[in-house]
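Structure assessment
Here's the letter readout for the chains.
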Amino acid sequence: MTTMSDPFSAMLDALPAGLHDTLQRRFDRHEGILRERLQRLYGHLPGHDAWYAALLAEVGRLMAARPAALQALDATRERQPDWFCAPAMLGYSAYVDRFGGDLRGVAARIPHLRELGVTYLHLLPFLKPRTGESDGGFAVASFDDVDPRLGTMDDLEDLAARLRAAGISLCSDLILNHVADDHPWAAGARAGDARLRGFFHVLPERDQADAYERTLGQVFPEAAPGNFTFDAEMGGWVWTTFYPFQWDLNYANPALFAAVALALLRLANRGIEVFRLDSTAFLWKRLGTDCMNQPEAHTLLQALRALVAIAAPGVLLKAEAIVPTRALPAYFGTADAPECHLAYHSTLMTAGWAALAEQDARLVRAVVDGTPALPPHTSWLTYVRCHDDIGWKHLLPEAGDIGRLAAVADFYNGARGFADGVAFQGSLATNGTAASLCGLRHGDPEAAVRRVLLLHALALAFGGLPMLYMGDELGMVNDHGYLLDPARAHDSRWVQRAAFPTDAAAGPIYHGLRRLIALRSRHPDLAAGVPCTALETSDPALLALARGTRFLGLFNFSDRAVAAPGGHVLRPWECVWLDRESGEPLI
Ligand code: GLC
């Protein structure tokens, strides 16, 4: 006998009879984790059971409202849960305005994406941003409206459907950690709404903020020092990990969790197939710690994943946690309690660049060795560049010495050698496009092209879903125009956010990348789940990656010719992919 507050009945009542069996199956499989995790986080609070039933009733309504095409996608992907691990998967990340002008303009670029082999498109934030500077849209003022400069919700649905028809899944950021200070939640809190005030962390006394500051790091130490911003209307210090206008959300409050989870499911119903969960490492605060990678952040992700598995199982979650290698695998969860399907392999990316500067592949080898096998149906997201900086400090466990990383940073930031990078927030981070950091404008352009291809070959061969960054396929170089904009001049990440070079002719980088992408797409050993091993080599500049029985990738990270096993001699910065059995180059 069920009662009104029985969660299963609450969901069932919201669904048409045709979905009852589906719900029953998914509920049996995932609700146990969901209930247990939310009980762990919020069970001690009064009214927890009623809150939980009300949440599931809402989830049921959103499941019922899910368009038929997306329900069909859910069913297909439930049958093939590793669909995104195939070697033919390829990601691409772009800003809507710079890539296509607006959402309709992005649709017009589908032929370019298809020609490259893209199957997954991450569009950087396109929801309504804060008025004024918004950290490139990462300060969101509404989860339910598109930035009017980029289009409408109808345009978004239309783009998602067109991409899907072209075999491309649309990925959107879901900025979990904070909202803009002009989001209605923040505005309401400022106006005195006690319920909304509870969505944020507000510390009445500076001493309280100082107690946390003693162990917190800083994300933007120069542009936004400290982690708290005094707000007179809030009567205290608001937690602002990033910019002062990005207010951290309080996940110790179940009402906030429900509000964000439901926003995710509403966007999923618009056709978003992948959510890039921004800044996942920061979701839970604990005094005396750096408030990163806390166990509760993982509990939250497990609950979110279970909700998605019940209401929209075709959707993928991707963790953006820029943390040391040892802290990364936890974002996948376990086979019994999964979290994200995908996570950025940020230290592999950073190690590739460090190896190029040091002309020594050993940091990459250390990262590969420190990367464990993943739970089933999960994959790394591998990449060379993205819209953010390269933060060198996360490689400290592998490098062993901050001085070593400072030297790498100097190499890229100091216009010494081939690289043309820009320092960011102190000197332990670097900005610049792939082509500029590889020296396309300095010295031998052919060597620069080989360096760009070498790093992309690593991202394509390691094992994961590789992602290209807008314009890198055309050798887009740094754009210093941001220095003329007072709102952006302090943030050198804008140097790699130029307009897509529509007039650039497809050159050797483009052709080289297309060749590698095609080779990868037909090679079963390059599927995401196949283990990757770094083999011993006699030359420290040489990286040898074995995948399965048939793939061997050789990468020369130096400016000299290097002899490799099997009689191969690699030119400076060259990469060769071989059939591991025959020793012959892949064709
Ligand atoms: C993520 C984004 C970055 C942004 C930050 C705050 O790290 O990639 O661009 O500044 O989150 O939202």
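Note that this is a predicted model, so its numbers are computed, not measured.

Procedures and definitions
Residues numbered from 1 in each chain as written. Predicted model: local features only at pLDDT ≥ 70, side-chain atom pairs only at ≥ 80, totals over all residues. Heavy atoms only, no water. Salt bridge = Lys/Arg side-chain N within 4 Å of Asp/Glu carboxyl O. Helix = DSSP H or I, 4+ residues; strand = E, 2+ residues; numbered from the N terminus. Buried < 20%, exposed > 50% of the residue type's maximum accessible area, 1.4 Å probe, protein only. Pairing = 2+ DSSP bridges. Contact = heavy atoms within 4.5 Å. Axes fitted to C-alpha atoms, helices over the stretch in contact; angles between N-to-C directions. Near = heavy atom within 4 Å. Polar contact = N/O pair within 3.5 Å; in protein donor to acceptor, adjacent residues only side chain to side chain. Areas by Shrake-Rupley, 256 points an atom, 1.4 Å probe, with all protein chains shown as cover. Nonpolar A, V, L, I, M, F, W, Y, C, P; charged D, E, K, R; others polar. Domains from an automatic or database assignment. Buried area = accessible area lost by both parts, 1.4 Å probe. Parallel < 35°, antiparallel > 145°, perpendicular 65-115°, else oblique. Left-handed = near helix turned anticlockwise from the far one by under 90°. Phe/Tyr/Trp six-rings, centres within 6.5 Å; stacked < 30°, edge-to-face > 60°. Lys NZ or Arg CZ within 6 Å of the ring centre and 35° of its normal.

With that out of the way, let us pick up the pattern of salt bridges. Within the structure shown, the criterion is met by 37 salt bridges. In this structure, arginine 35 and glutamate 31 form a salt bridge, with 2.8 Å as the shortest nitrogen-oxygen distance. Of this pair, arginine 35 and glutamate 31 are both found in helix α2 (residues 20–42), four residues apart, which corresponds to roughly one turn of the helix. Accessibility expressed as a relative area gives 5% for glutamate 31, which makes it buried.

The strand order across the open sheet formed by three strands is β5-β7-β6, and the pairing between neighbours is antiparallel. A single partner strand is all that each edge strand has here, and the edge strands are β5 (202–203) and β6 (228–231). As paired elements, β5 and strand β7 (residues 236–239) share two bridges and run antiparallel to each other. Considered in β7, the bridge of valine 202 is made with valine 238. Seen against the sheet, helix α11 (residues 206–213) touches β5, β6 and β7 and runs at an angle of roughly 170 degrees to β6.

Let's shift gears to the site of the ligand. As a matter of local geometry, the ligand sits amid 13 residues, with Asp135, His178, Arg276, Asp278 and Asp388 nearest to it. Here an oxygen atom of the ligand and a side-chain polar atom of histidine 178 are 2.8 Å apart. Here an oxygen atom of the ligand and a side-chain polar atom of arginine 276 are 2.8 Å apart. In the complex, 95% of the free accessible area of the ligand, which totals 310 Å², lies under the protein chains. Residue composition of the shell around the ligand, by class: three nonpolar, four polar and six charged.

Among the residues of helix α1 (residues 7–14), Pro7, Phe8, Ser9, Ala10 and Met11 are the ones counted as buried. Turning to α1, the residues buried within the fold contact α2, α3 (48–64) and α13 (295–311).

With that settled, the discussion passes to the sheet that holds strand β2 (residues 120–123). Here we have eight strands rolled up into a closed barrel, ordered β1-β2-β3-β9-β10-β11-β12-β16, and parallel in their pairing. For this sheet the average axis-to-axis angle between neighbouring strands, irrespective of direction, equals 25 degrees. Of the pairings in the sheet, the one linking strand β1 (residues 91–94) to strand β16 (residues 465–469) comprises three bridges and is parallel in character. By the bridge assignment for β16, glycine 91 is matched with methionine 467. The strands that helix α12 (residues 254–270) touches are β3 (169–175), β9 (274–278) and β10 (316–319); relative to β9, the one it contacts most, it runs at about 150 degrees.

Turning our eyes to something else, we now look at the domain arrangement of the protein. Put simply, an interface is often sized by how much accessible area is lost when its parts join up. As far as domains go, the protein holds domain 1 (5–74), domain 2 (81–179 + 260–276 + 294–529), domain 3 (184–247) and domain 4 (533–579). In this complex, domain 1 contributes 24 residues to the contact, which on the side of domain 2 involves 24 residues. Here domain 1 meets domain 2 over a buried area of about 2100 Å², counting both sides, of which 74% is carbon and sulfur. Where domain 1 packs against domain 2, one counts zero salt bridges.

Looking at the element boundaries, aspartate 155 is found in helix α8 (residues 153–165). At 3.0 Å, the side chain of aspartate 155 and the backbone nitrogen of threonine 152 are in polar contact. Setting aside its immediate chain neighbours within four residues, aspartate 155 contacts Leu103 and Arg104.

So, about the packing of α2 against α13. Two elements in contact, α2 and α13, have axes separated by 8 Å at closest approach and are oriented at 155 degrees. Taken together, the axes of α2 and α13 are roughly antiparallel relative to one another. Handedness of the α2/α13 crossing: left-handed. Across the interface between the two elements, Leu23, Arg26, His30, Glu31, Ile33, Leu34, Arg37, Leu38, Arg40, Leu41 and Tyr42 from α2 touch Glu296, Thr299, Leu300, Gln302, Ala303, Ala306, Leu307, Ala309, Ile310 and Ala311 from α13.

Before going further, it helps to examine the pairing of strand β19 (residues 551–556). A large share of β19 lies buried, amounting to six of its six residues. Here β19 shows a buried face lined by Phe551, Gly553 and Phe555 and a second buried face lined by Leu552, Leu554 and Asn556. The pairing of strand β18 (residues 542–547) with β19 spans six bridges and is antiparallel. Its bridge partner lying in β19, leucine 545 is registered against glycine 553. Counting the residues in the hairpin turn of β18 and β19 gives three residues, including glycine 548, whose phi is positive at 55 degrees. Relative to strand β22 (residues 575–579), β19 is paired through five bridges, and the arrangement is antiparallel. Each residue of the ladder has a partner; that of phenylalanine 555, found in β22, is cysteine 575.

Before going further, it helps to examine the packing of aromatic side chains. Tallied over the entire structure, the rule returns 27 aromatic pairs. Geometrically, the ring pair formed by tryptophan 83 and phenylalanine 84 is edge-to-face, given 5.7 Å between the ring centres and 75 degrees between the ring planes. With relative accessibility at 13%, the residue tryptophan 83 sits in the buried group. Geometrically, the ring pair formed by tyrosine 92 and phenylalanine 99 is tilted, given 5.4 Å between the ring centres and 45 degrees between the ring planes. Assessed through its relative accessible area of 0%, tyrosine 92 is described here as buried. Looking at phenylalanine 99, the relative accessible area reads 1%, which means it is buried. The rings of Phe220, Phe242, Tyr243, Phe245, Phe282 and Phe424 are connected pair by pair, giving a single aromatic cluster. Between arginine 497 and the ring centre of tryptophan 494, over which it is positioned, the NZ or CZ distance is 4.6 Å.

Right, let's talk about the packing of helix α14 (residues 346–358) against helix α19 (residues 445–461) for a bit. At a minimum axis distance of 10 Å, the contact between α14 and α19 shows a crossing angle of 145 degrees. Considering the relative orientation of α14 and α19, their crossing is right-handed. Facing Gly352, Trp353 and Leu356 of α14, the residues of α19 in contact are Arg451, Leu454, Leu455 and Leu458. Counted by class, the contact of α14 with α19 contains five nonpolar, one polar and one charged residues.

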